[in-house]
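Read off the chains here:
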Amino acid sequence: MARQIVIVPYEKAWLSLFEIERRLLRDIFADTAEEIHHFGSTSVPGLSAKPVLDILIAASDLKRVDALNPRMRQNRYVPQGEYGIPGRRYFVKTAAENPEIHTYHVHVYQSGDPKIAQELLFRDCLRANAALLREYEQLKLRLADRYRFSPEEYTDAKSEFIAEALKRAHAPKTKE
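Residues numbered from 1 in each chain as written. Predicted model: local features only at pLDDT ≥ 70, side-chain atom pairs only at ≥ 80, totals over all residues. Heavy atoms only, no water.

*Asks:* An account of the overall build of the protein is requested, with residue identities and associated values reported.
*Replies:* If you tally the helices and strands in the protein, you get six helices and five strands. Secondary structure elements in the protein, listed N-terminal to C-terminal, are α-β-β-α-α-β-β-β-α-α-α. Seen through its principal axes, the protein has C-alpha atoms that stretch 55 × 40 × 30 Å. Counting the 176 residues in the protein, one finds 43% classified as buried. Counting contacts in the protein only where the partners sit at least 6 residues apart, residues at least 24 apart contribute 62% of the total. As displayed, the protein has an accessible area near 9900 Å², and 53% of this comes from carbon and sulfur atoms. Computed over 27 positive and 25 negative side-chain charges, the separation of the two mean positions in the protein equals 2 Å. (Helix = DSSP H or I, 4+ residues; strand = E, 2+ residues; numbered from the N terminus. Buried < 20%, exposed > 50% of the residue type's maximum accessible area, 1.4 Å probe, protein only. Contact = heavy atoms within 4.5 Å. Areas by Shrake-Rupley, 256 points an atom, 1.4 Å probe, with all protein chains shown as cover. Lys, Arg positive; Asp, Glu negative; His and termini not counted. Charge placed at Lys NZ, Arg CZ, Asp CG, Glu CD.)

*Asks:* Describe helix H6 (residues 151-170), listing the residues and the values that go with them.
*Replies:* End to end, H6 covers 28 Å across 20 residues, agreeing with the expected 28 Å (1.5 Å per residue, within 8%). A maximum bend of about 35 degrees is found in H6 at Ser159. Buried within H6 are the following residues: Pro151, Tyr154, Lys158, Phe161, Ala165 and Leu166. Looking at the packing, one finds that the buried side of H6 touches helix H4 (114-128) and helix H5 (130-146). (Expected span 1.5 Å × (residues − 1). Bend = angle between axes of the 7 residues up to and from the residue.)

*Asks:* Break down the sheet that holds strand E1 (residues 33-39) for me, citing the residues and quoting the values.
*Replies:* The strand order across the open sheet formed by five strands is E1-E2-E5-E4-E3, and the pairing between neighbours is mixed. On the outer flanks of this sheet lie E1 and strand E3 (77-79), each paired with one strand and no other. Neighbouring strand axes in the sheet, compared pairwise and without regard to direction, differ in orientation by 25 degrees on average. Summarising the sheet, E1 and strand E2 (residues 53-59) pair through six bridges and their orientation is antiparallel. Residue pairing in the sheet places Ala33 in a bridge with Ala59 of E2. Seen against the sheet, helix H1 (residues 13-28) touches E1, E2, E3, strand E4 (88-95) and strand E5 (98-110) and runs at an angle of roughly 160 degrees to E1. The strands that H4 touches are E1, E2 and E5; relative to E1, the one it contacts most, it runs at about 35 degrees. (Pairing = 2+ DSSP bridges. Axes fitted to C-alpha atoms, helices over the stretch in contact; angles between N-to-C directions.)

*Asks:* Outline the packing of aromatic side chains, supporting the account with residue identities and numerical values.
*Replies:* Counted by the stated rule, this structure contains five aromatic pairs. When the centroid spacing of 5.1 Å and the interplanar angle of 25 degrees are considered together, the rings of Tyr83 and Tyr90 count as stacked. Note on Phe122 and Tyr136: the rings are 5.1 Å apart at their centroids and 90 degrees apart in plane angle, and the pair reads as edge-to-face. Remark: Tyr136 occurs in helix H5 and Phe122 occurs in helix H4; sequence separation between them is 14 residues. (Phe/Tyr/Trp six-rings, centres within 6.5 Å; stacked < 30°, edge-to-face > 60°.)

*Asks:* A description of the pattern of salt bridges should follow, citing residues and the corresponding values.
*Replies:* Two side chains carrying opposite charge are able to pair once their charged atoms lie near each other. Across all of its chains, the model carries 10 salt bridges by this definition. Between Glu19 and Arg22 there is a salt bridge, with the nearest N and O atoms lying 2.8 Å from each other. A residue pair is termed a helical-turn pair when its members lie 3 or 4 positions apart in one helix, as Glu19 and Arg22 do in helix H1 at three residues. For Arg22, a relative accessible area of 26% gives the class partly exposed. Its salt-bridge partner being Asp145, residue Arg148 comes within 3.1 Å of it at the nearest N-O pair. (Salt bridge = Lys/Arg side-chain N within 4 Å of Asp/Glu carboxyl O.)

Rendered as structure tokens:
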């Protein structure tokens, strides 16, 4: 059965689930993780989301990250390499009872990679702007219906909205 895009209402438990997983990842990445962040929709209070926690790790050395693949496998994470984004290491953890159900996505970048700042800025924009949050939520719900069985198309269809939000966040503020 193909993976499905399902959006659910925000769950407060996502924060504590992140904290538990952060401790595990801090142990695994002890020698290379400089920062571990919760990002993506599950990190934004009040935002409906796919119930998959996105975790971002800023690493001091991606070669050392690659050497951690066996340890990640021991903790039910499947290494995916760059998975379409140069300079990233990507890991997927699935539900023990069903490998089609993703529970965590770990994105690892070299410290200083601009993608880290972009991901965190978009998260912070959603946290700070209720109108932007609702607009994004409505888009996600529409796209989840349209691309229910195509996670890649769902993700691609959100990219223009995200790029525009980041562009506005970088625009100089004008006084009225």
